[in-house]
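If you want the building blocks of each chain, they are given just below.
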Amino acid sequence: MTIDPRRALVLFSGGQDSTACLAWALTHFAHVETIGFDYGQRHLVELECRLHVRSALHARFPHWAERLGDDHLLDLALLGQISDTALTDVRAIEMNAQGLPNTFVPGRNLLFFTFAAAVAYRRGLKVLVGGMCETDFSGYPDCRDNTLKALQVALSLGMDAPMAIETPLMWMDKAQTWALTDQLGGKALTELIVEHTHTCYLGERTQRHAWGFGCGLCPACDLRRKGYRSWLAS
Ligand code: ZN
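Criteria and thresholds
- Residues numbered from 1 in each chain as written.
- Predicted model: local features only at pLDDT ≥ 70, side-chain atom pairs only at ≥ 80, totals over all residues.
- Heavy atoms only, no water.
- Donors = N, O, S within 2.8 Å, 3.2 Å for Na, K, Ca; no water.
- Tetrahedral: all angles 85-135°; square planar, octahedral: opposite > 155°, others 65-115°.
- Helix = DSSP H or I, 4+ residues; strand = E, 2+ residues; numbered from the N terminus.
- Buried < 20%, exposed > 50% of the residue type's maximum accessible area, 1.4 Å probe, protein only.
- Core = buried A, V, L, I, M, F, W, Y, C linked by side-chain atoms within 4.5 Å.
- Contact = heavy atoms within 4.5 Å.
- Pairing = 2+ DSSP bridges.
- Axes fitted to C-alpha atoms, helices over the stretch in contact; angles between N-to-C directions.
- Right-handed = clockwise from strand over helix to strand, strands pointing away.
- Parallel < 35°, antiparallel > 145°, perpendicular 65-115°, else oblique.
- Nonpolar A, V, L, I, M, F, W, Y, C, P; charged D, E, K, R; others polar.

**Student:** Quick rundown of the coordination of the zinc ion? Include the residues and the values.
**Tutor:** Of the protein atoms, only C200 (SG), C215 (SG), C218 (SG) and C221 (SG) coordinate the zinc ion, at distances of 2.3 to 2.4 Å. Note that the zinc ion binds four donor atoms; their angles at the metal cover 105 to 117°, and the shape is tetrahedral. Linear spacing of the donor residues for the zinc ion on their chain is C-x14-C-x2-C-x2-C. With C200 in the loop between helix 7 (174-196) and strand 6 (208-209) and C221 in helix 8 (residues 219-233), this pair connects stretches of sequence that are 21 residues apart. You'll find C200 and C221 in the same group, each marked buried.

**Student:** Summarise the nonpolar core; cite the residues concerned and give the values.
**Tutor:** Among the nonpolar cores identified, the biggest contains 63 residues, and L57 and L128 are the most heavily contacted of them. A total of eight residues in this core trace back to one element, the largest contributor, which is helix 7. When neighbours within four sequence positions are excluded, L128 is seen to be in contact with L9, F113, A116, A117, A120, L155, M163, A164, I165 and E166.

**Student:** Describe the sheet that holds strand 3 (residues 68-75), and please don't skip the residues or the numbers.
**Tutor:** Read from one edge of the open sheet, five strands run 3-2-1-4-5, paired in parallel fashion. The sheet is open, and its two borders are formed by strand 3 and strand 5 (164-166), each paired with just one other strand. Pairwise comparison of adjacent strand axes, ignoring direction, gives a mean angle of 25° for this sheet. Relative to strand 5, strand 4 (residues 127-129) is paired through three bridges, and the arrangement is parallel. Pairing of V127 across the sheet is with A164, part of strand 5. Against the sheet, helix 5 (residues 108-123) touches strand 1 (4-11), strand 2 (29-38), strand 3, strand 4 and strand 5, its axis set at about 140° to strand 1.

**Student:** Before we move on, can you summarise the pairing of strand 1 with the specific residues and values?
**Tutor:** Judged from the six bridges that link them, strand 1 and strand 2 form a sheet pairing that is parallel. In the sheet register, D4 faces strand 2, and the bridge partner there is F29. Handedness of the β-α-β unit built from strand 1, helix 1 (residues 16-28) and strand 2 comes out right-handed. Looking at chain direction, strand 1 and strand 4 are connected through three bridges and run parallel.

**Student:** A description of the packing of helix 1 against helix 7 should follow, citing residues and the corresponding values.
**Tutor:** Where helix 1 meets helix 7, the axes come as close as 10 Å, and the angle between the chain directions of the two elements is 75°. Comparing the axis directions of helix 1 and helix 7 gives the class roughly perpendicular. Contact residues: Q16, D17, T19, A20, A23, W24 and T27 in helix 1; K174, T177, W178, T181, L184, L189, L192 and I193 in helix 7. For the contact of helix 1 with helix 7, the class distribution of residues is eight nonpolar, five polar and two charged.

**Student:** For the side chain of D17, give the residues involved together with the corresponding values.
**Tutor:** Residue position: D17 is located in helix 1. Not counting residues within four places of it along the chain, the set of residues in contact with D17 comprises G131, L169, K174 and T177.

**Student:** I'd like a rundown of the environment of L111, residues and numbers included.
**Tutor:** Inspection of the secondary structure puts L111 in helix 5. L111 sits in the partly exposed class, given a relative accessible area of 33%. Residues L111 and D142, 31 residues apart in the sequence, show an inter-C-alpha distance of 9.8 Å.

Written out as structure tokens, the structure reads:
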């Protein structure tokens, strides 16, 4: 396969989806950097997972290691000022009526991509890669394909530089995401994802299941478990 000479920036949280995106980007682009956002949303465990995933990818996949560039971590603590937790009285409830954690910030992916584009501009990176998906998360309007296509146009115009947004998982379900990483990196990548990525909304990392660590009950764990089982059964 021909490698795309463009340089890419992956929105990388340390979760299963963004790790799949990182593996996808390392397969397709000549140079890949990662960016993460620290806004206290899912405990520090996720930020630790980012570093473990990056170093495990570096150690186990030498052909990817030579393309894996710098990591950028932005402090977006100010997002805490506009989360449900800060603006409502319902602090004890972990999930709201839509099944979203109460640290959810409306439209946050628009903010993330805009910050990422500013970093990408400075670094000479032309492609932004994110793990947004309409299939499993149709409740998130800022994850939708049309939203991100509109944002791609807005960013390219606003920076007067071509800025492509790629979302390889947009039309996949969780079983297909497991299948994608198996295809990209085989058993070694599946093991890495089970062991090092984090998905659980509650930040639970003491219970180890076949599909990885998590409480096993929150919506994120539920999706991950069902996807894993359905991929194994396929
Ligand atoms: Zn969970």
